[in-house]
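Take a look at the letters that make up each chain.
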Amino acid sequence: MPFTPFHFGPGAALHAVAPRHVSFLAFCSANVLMDVEPLYFMLANQFPLHRFFHTYVGATVVLVVTAVLFTLLKKSKFLVSLLGRLHWKQPSILQVTIGAALGSYSHIFLDSLMHPDIRPFAPLSGTNVLLHAVSLSALHWACAAAGAVGLSIIGIRKVLRELDAV
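Residues numbered from 1 in each chain as written. Predicted model: local features only at pLDDT ≥ 70, side-chain atom pairs only at ≥ 80, totals over all residues. Heavy atoms only, no water.

Counting secondary structure elements, the protein contains 7 helices and 0 strands. In summary, the protein has a C-alpha radius of gyration of 17 Å against a globular reference of 15 Å for 166 residues, a match within 12%. With the principal axes as the frame, the protein shows a C-alpha extent of 55 × 35 × 30 Å. Split into buried and exposed, the 166 residues of the protein put 37% on the buried side. (Helix = DSSP H or I, 4+ residues; strand = E, 2+ residues; numbered from the N terminus. Rg over C-alpha atoms; globule rule 2.2 N^0.38 Å. Buried < 20%, exposed > 50% of the residue type's maximum accessible area, 1.4 Å probe, protein only.)

On to helix H2 (residues 24–34). Residues of H2 that are buried include every one of Ala26, Phe27, Cys28, Ala30, Asn31 and Met34, and no others. Tucked into the core, H2 has its buried residues touching helix H1 (5–17), helix H3 (36–43), helix H4 (56–74) and helix H6 (93–112). (Contact = heavy atoms within 4.5 Å.)

Moving on to unusual backbone geometry. That bond from phenylalanine 47 to proline 48 is cis: its omega, 5 degrees, falls within 30 degrees of zero. You can see proline 48 is positioned in the loop between H3 and H4. In this structure, the amide linkage connecting alanine 122 to the following residue, proline 123, adopts the cis form with an omega of 10 degrees. The backbone of asparagine 45 shows a phi angle near 55 degrees, a positive value even though the residue is not glycine. Inspection of the secondary structure puts asparagine 45 in the loop between H3 and H4. Even without being glycine, histidine 132 reaches a positive phi, approximately 65 degrees. Note on placement: histidine 132 falls in the loop between H6 and helix H7 (136–165). For histidine 132, a relative accessible area of 57% translates into the label exposed.

Looking now at the nonpolar core. Formed by Ala30, Met34, Ala59, Val62, Leu63, Ala100, Ala101 and Ile108, the largest nonpolar core amounts to 8 residues. When residues of this core are traced back to their parent elements, those giving at least two are H2, H4 and H6. Core analysis: the next-biggest nonpolar cluster, separate from the first, contains 5 residues, Leu110, Leu113, Met114 and Cys143 among them. (Core = buried A, V, L, I, M, F, W, Y, C linked by side-chain atoms within 4.5 Å.)

Before going further, it helps to examine the confidence of the model for the protein. Looking at the protein, the pLDDT average stands at 92 and 96% of residues meet or exceed 70. Ranking the elements of the protein by mean pLDDT puts helix H5 (residues 77–85) last with 71 and H6 first with 97. (pLDDT = per-residue confidence, 0-100.)

A few words on the packing of aromatic side chains. With the rule as written, the count across this model stands at 4 aromatic pairs. Ring geometry for tyrosine 56 against tyrosine 105: centres 6.2 Å apart, planes inclined by 40 degrees, an arrangement best described as tilted. In this pair, tyrosine 56 is assigned in helix H4 and tyrosine 105 in helix H6, connecting sequence segments 49 residues apart. Taking relative accessible area as the criterion, tyrosine 56 reaches 23% and is therefore assigned partly exposed. Considering the side-chain rings of tyrosine 56 and phenylalanine 121, the 5.3 Å spacing of their centres and the 35 degrees angle between planes classify their relative orientation as tilted. (Phe/Tyr/Trp six-rings, centres within 6.5 Å; stacked < 30°, edge-to-face > 60°.)

This brings us to the packing of H2 against H3. The contact between H2 and H3 brings their axes to 4 Å, and the two run at 25 degrees. Compared by their axis directions, H2 and H3 come out roughly parallel. Across the interface between the two elements, Val32, Leu33 and Met34 from H2 touch Val36, Glu37 and Pro38 from H3. Tallied by class, the residues present in the contact of H2 with H3 amount to 5 nonpolar, no polar and 1 charged. (Axes fitted to C-alpha atoms, helices over the stretch in contact; angles between N-to-C directions. Parallel < 35°, antiparallel > 145°, perpendicular 65-115°, else oblique. Nonpolar A, V, L, I, M, F, W, Y, C, P; charged D, E, K, R; others polar.)

Mapped onto the elements, proline 120 comes out in the loop between H6 and H7. A C-alpha to C-alpha distance of 8.9 Å links proline 120 and phenylalanine 52, two positions 68 residues apart in sequence. When neighbours within four sequence positions are excluded, proline 120 is seen to be in contact with His54, Thr55, Tyr56, Ile108, Ser112, Thr127 and Asn128.

As structure tokens, then:
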């Protein structure tokens, strides 16, 4: 994806389908962490842009780092206070791990469809069999549509909960 937010669409849909199991925040965090790599290489004007962290092995490292960061932040009094003021529930480590796994692995899958420099199965294979399996516009529209559907479901649930509270 040219911009990380396109990856958030499928994350919103996955969270909408399983809100008690998938941390959307962990999903998004894993995606942002993944795209630090190509950002660095863009700024350094070094190619290829997508390297270790854009493999399934690298995505596993991002998953673990995301889970560890969330575990450490969960112990932060500031964060606990902030989440309380925002009326957000703290996700469990299982929710974070599932969200980070879905975020990091879907990132590799989606980027494999469009970036010629990705080698998702490295070091086992240097090929990318998914490259151009769908058109770029279809990929972007699908991610945007997933986000719209996911946000709609989340919004409808919120309205229904508020109506039940009345």
